Amino acid sequence: MKLKKWIFIAILLVILYYTFIVNTLLTLSVIFASIVAVKLYKYYSKKSLNKLSASKELFRQSYLGHFIALVAKVAKADGRVDELEAQLIGMMFDDISKVFDEKEKTRAIMKEIFNEEKQRLDDTKEIATSLNKLLGKSILKRRQFISFLIQLAFVDKGISSEEDKVLRDIATQLNISAEVYDAIVNSLKQKMKSNQEAMTPKKAYEILGVKESDDMNTVKKAYRKLVREYHPDIISSQDKDESYIEEATAKTQEINQAYQVIKKLHS
């Protein structure tokens, strides 16, 4: 009887050992290996990215270079780059360049690509087709890119017919259906309409965090600070779900509308 008892205890101890100690060590090893793998991936990804800033040609051939070229096409589609569009594009350059070691050089390369590409629209489909190949199977990245381009066109006074044509051409080449494109646009329109209906002067001052007695220089500083804080970040969006850009766009539009209301009051 005692022997059976000790055998039972021995078996129980063996089970407990393998359940709690060996498995715990195994789990910790897996967690540690995963952390190391992520760090290595980030390290080599950054190293690979940094190679792009060696020359404008290398950067232009990358998916980031293609994307900046398409940003230029959308921004200039209606013949001019709006003040808020220019501000958002400048912030996009900042967001992208901060992941590179040579930040100023990278920013200068992006600006040069943008200025060159905004001069023509006849190669938009070709660039979008090339970007589609570079993105591989990433559906999420395609949706994020088209969402960013839509919000860029939308953020000033809505999408013009010229911008809509360019955007639809890009969406088609990125294998994004007309239904998906329309859903993104309609969602932004609805949010903008809601913001406009609720935008009283009092609300506008509250949104920008300024007083009625403040001059336009103070209002403009507050406006630019808020746009920088809430603008859609194309780099950050890679780690977030699809609603991120939409929410950031809606907030940016709200800030812009508040600024326009106050500007009219001061004119």
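Residues numbered from 1 in each chain as written. Predicted model: local features only at pLDDT ≥ 70, side-chain atom pairs only at ≥ 80, totals over all residues. Heavy atoms only, no water.

### Here we look at the confidence of the model for the protein chain
Right, so step 1: Here the protein chain shows a mean pLDDT of 80. Residues at 70 or above account for 75%.
Right, so step 2: Of all secondary-structure elements in the protein chain, the lowest mean pLDDT belongs to helix 1 (residues 2-52), at 54, while helix 6 (residues 124-134) reaches the highest, 96.
Right, so step 3: Low confidence marks residues 25-44, where pLDDT is under 50. Its contacts with residues over four positions away, or in another chain, come to zero contacts. (pLDDT = per-residue confidence, 0-100. Helix = DSSP H or I, 4+ residues; strand = E, 2+ residues; numbered from the N terminus. Contact = heavy atoms within 4.5 Å.)

### Re the packing of helix 3 (residues 63-75) against helix 6
Right, so step 1: Between helix 3 and helix 6, the shortest axis-to-axis distance is 9 Å and the interhelical angle comes to 150 degrees. Viewed along their axes, helix 3 and helix 6 adopt a mutual orientation that is roughly antiparallel. Note on packing geometry: the crossing formed by helix 3 with helix 6 is left-handed. Counted together, Y63, H66, A69, L70 and K73 of helix 3 and T124, I127, A128, S130, L131 and L134 of helix 6 form the full contact between these two elements.
Right, so step 2: Tallied by class, the residues present in the contact of helix 3 with helix 6 amount to seven nonpolar, three polar and one charged. (Axes fitted to C-alpha atoms, helices over the stretch in contact; angles between N-to-C directions. Parallel < 35°, antiparallel > 145°, perpendicular 65-115°, else oblique. Left-handed = near helix turned anticlockwise from the far one by under 90°. Nonpolar A, V, L, I, M, F, W, Y, C, P; charged D, E, K, R; others polar.)

### Observations concerning the packing of helix 4 (residues 83-97) against helix 11 (residues 216-230)
Right, so step 1: In contact at an axis separation of 10 Å, helix 4 and helix 11 are set at 50 degrees when each is read in the N-to-C sense. Overall, the two elements helix 4 and helix 11 adopt an arrangement that is oblique. For the pair helix 4 and helix 11, the sense of crossing is right-handed. In this structure, helix 4 contributes E83, L84, Q87, L88, M91 and D94 to the contact, and helix 11 contributes K220, Y223, R224, V227 and R228.

### Focus: unusual backbone geometry
Right, so step 1: For N175, which is not glycine, the phi dihedral falls at a positive 60 degrees.
Right, so step 2: Relative to the helices and strands, N175 resides in the loop between helix 8 (161-173) and helix 9 (178-198).

### Quick look at helix 10 (residues 201-208)
Right, so step 1: Within helix 10, burial applies to A204, Y205, I207 and L208. Looking down the long axis of helix 10, one finds its buried residues gathered within 160 degrees of arc, a one-sided arrangement. Among the exposed residues of helix 10, those oriented more than 90 degrees off its buried face are K202 and E206.
Right, so step 2: G209 sits one or two residues past helix 10 and shows a positive phi near 70 degrees. (Buried < 20%, exposed > 50% of the residue type's maximum accessible area, 1.4 Å probe, protein only. Arc of directions from axis to C-beta.)

### Let's talk about the environment of K111
Right, so step 1: As for its position among the elements, K111 is in helix 5 (residues 103-117).
Right, so step 2: Assessed through its relative accessible area of 44%, K111 is described here as partly exposed.
Right, so step 3: For the pair K111 and I89, spaced 22 residues apart in sequence, the C-alpha to C-alpha distance is 9.4 Å.

### Overview of the nonpolar core
Right, so step 1: Formed by 62 residues in total, the largest nonpolar core has its most connected members in F59, I68, M92, L149, I170 and L208.
Right, so step 2: With nine residues, helix 3 is the largest single contributor of residues to this core.
Right, so step 3: Dropping the residues within four chain positions of it, I170 is found in contact with L70, V74, T124, A128, I146 and L149. (Core = buried A, V, L, I, M, F, W, Y, C linked by side-chain atoms within 4.5 Å.)

### Structural notes on the pattern of salt bridges
Right, so step 1: The full count for this structure, using the stated rule, is 14 salt bridges.
Right, so step 2: A salt bridge links E112 to K56, with the shortest nitrogen-to-oxygen separation between them at 3.2 Å. Of this pair, E112 sits in helix 5 while K56 sits in helix 2 (residues 56-61), placing them 56 residues apart in sequence.
Right, so step 3: A cluster of three or more residues bridged by salt bridges with shared partners is formed by R60, K73, E117, R120, D122 and D123. (Salt bridge = Lys/Arg side-chain N within 4 Å of Asp/Glu carboxyl O.)

### What to know about the packing of aromatic side chains
Right, so step 1: According to the stated counting rule, one finds six aromatic pairs in the structure shown.
Right, so step 2: For the pair F59 and F100, a centre-to-centre distance of 5.9 Å together with 40 degrees between the ring planes defines the contact as tilted. One end of the pair, F59, is in helix 2; the other, F100, is in the loop between helix 4 and helix 5, and 41 residues separate them in sequence. Of the two residues, F59 and F100, both sit in the buried class.
Right, so step 3: With a centroid separation of 6.1 Å and an interplanar angle of 25 degrees, the aromatic rings of Y63 and F145 are classed as stacked. (Phe/Tyr/Trp six-rings, centres within 6.5 Å; stacked < 30°, edge-to-face > 60°.)

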